[in-house]
Amino acid sequence: LYGELLQLGDILRIPRRVMPATVPEYWDYYHAMVRDTLKRTEIAEVLLQMMEAPLLPLVPRRLQLLVWPERKLLGHLLFLQLGGGLTADAREKLGINWTRGNDAELRTLMAVARSTRDRVPERLRYAPIAYHARRHADAVATIRARATKQVA
């Protein structure tokens, strides 16, 4: 997780000097942010409510009721990802009720995702902006590696 955080920072061009230097420093930062900064704002409220049955962007509004079961399933999957990605103190502060059943569902979902991940083309594994950011970061890393190799 920490390695992915650093990679994301690199993609977003966040200087390493402002990133937590070690895993313990990351957790100190995280817990301080949860304790002192995290709040259930209006935006957080909207996002949490969207998980009840999010609108499907490619389905016209007047047809959204016809795809209610799919919307509920998508909302639940979003809830599992969001809730499962937070620590207990962050869930508590946001008022997210997380149960042992949710934990078991998330573990099952992650097992399925792990077993199918490599079968899905990279282009489909990421949102378009994340896919392009990854490609750009890879290209920059390749160019830097070649430049370093030529200098040596």
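This section reports on the structure supplied with the text. (Residues numbered from 1 in each chain as written. Predicted model: local features only at pLDDT ≥ 70, side-chain atom pairs only at ≥ 80, totals over all residues. Heavy atoms only, no water.)

It is characteristic of soluble globular proteins that their nonpolar side chains tend to be buried jointly. The biggest cluster of nonpolar side chains holds 8 residues, and these are Leu48, Met51, Phe79, Leu80, Leu94, Ile96, Trp98 and Leu106. Once residues within four sequence positions are removed from consideration, Leu106 is found in contact with Leu80, Gly84 and Trp98. The next biggest cluster of nonpolar side chains, apart from the first, holds 7 residues, and it includes Tyr2, Leu6, Tyr30 and Ala90. (Core = buried A, V, L, I, M, F, W, Y, C linked by side-chain atoms within 4.5 Å. Buried < 20%, exposed > 50% of the residue type's maximum accessible area, 1.4 Å probe, protein only. Contact = heavy atoms within 4.5 Å.)

One can find Arg91 in helix α5 (residues 88-94). For the buried Arg91, no salt bridge exists, and the shortest N-O distance to an oppositely charged side chain is 6.0 Å, to Asp103. With sequence-adjacent residues up to four places away left out, Arg91 is seen in contact with Gly83, Gly84, Leu86, Ile96 and Trp98. (Helix = DSSP H or I, 4+ residues; strand = E, 2+ residues; numbered from the N terminus. Lys, Arg positive; Asp, Glu negative; His and termini not counted. Salt bridge = Lys/Arg side-chain N within 4 Å of Asp/Glu carboxyl O.)

On to helix α4 (residues 68-84). The end-to-end C-alpha distance of α4, which contains 17 residues, comes to 24 Å, matching closely the 24 Å that a straight helix rising 1.5 Å per residue would cover. Every buried residue of α4 is listed here: Arg71, Gly75, Phe79, Leu80 and Gly83. Contacts from the buried residues of α4 go to α5 and α6 (100-116). (Expected span 1.5 Å × (residues − 1).)

Attention shifts here to the pattern of salt bridges. Working definition: two side chains of opposite charge can pair if their charged atoms are close together. The final tally for this structure, using the stated rule, is 6 salt bridges. Ionic pairing is found between Asp10 and Arg16, a salt bridge with its closest N-O pair at 2.7 Å. When its relative accessible area of 38% is taken as the criterion, Asp10 is described as partly exposed. The partly exposed category is assigned to Arg16, whose relative accessible area is 46%. We note a salt bridge from Glu122 to Arg134, for which the minimum N-O separation is 3.2 Å. Within this pair, whereas Glu122 is found in helix α7 (residues 122-125), its partner Arg134 is found in helix α8 (residues 128-151), the two being separated by 12 residues in sequence. When its relative accessible area of 27% is taken as the criterion, Glu122 is described as partly exposed.

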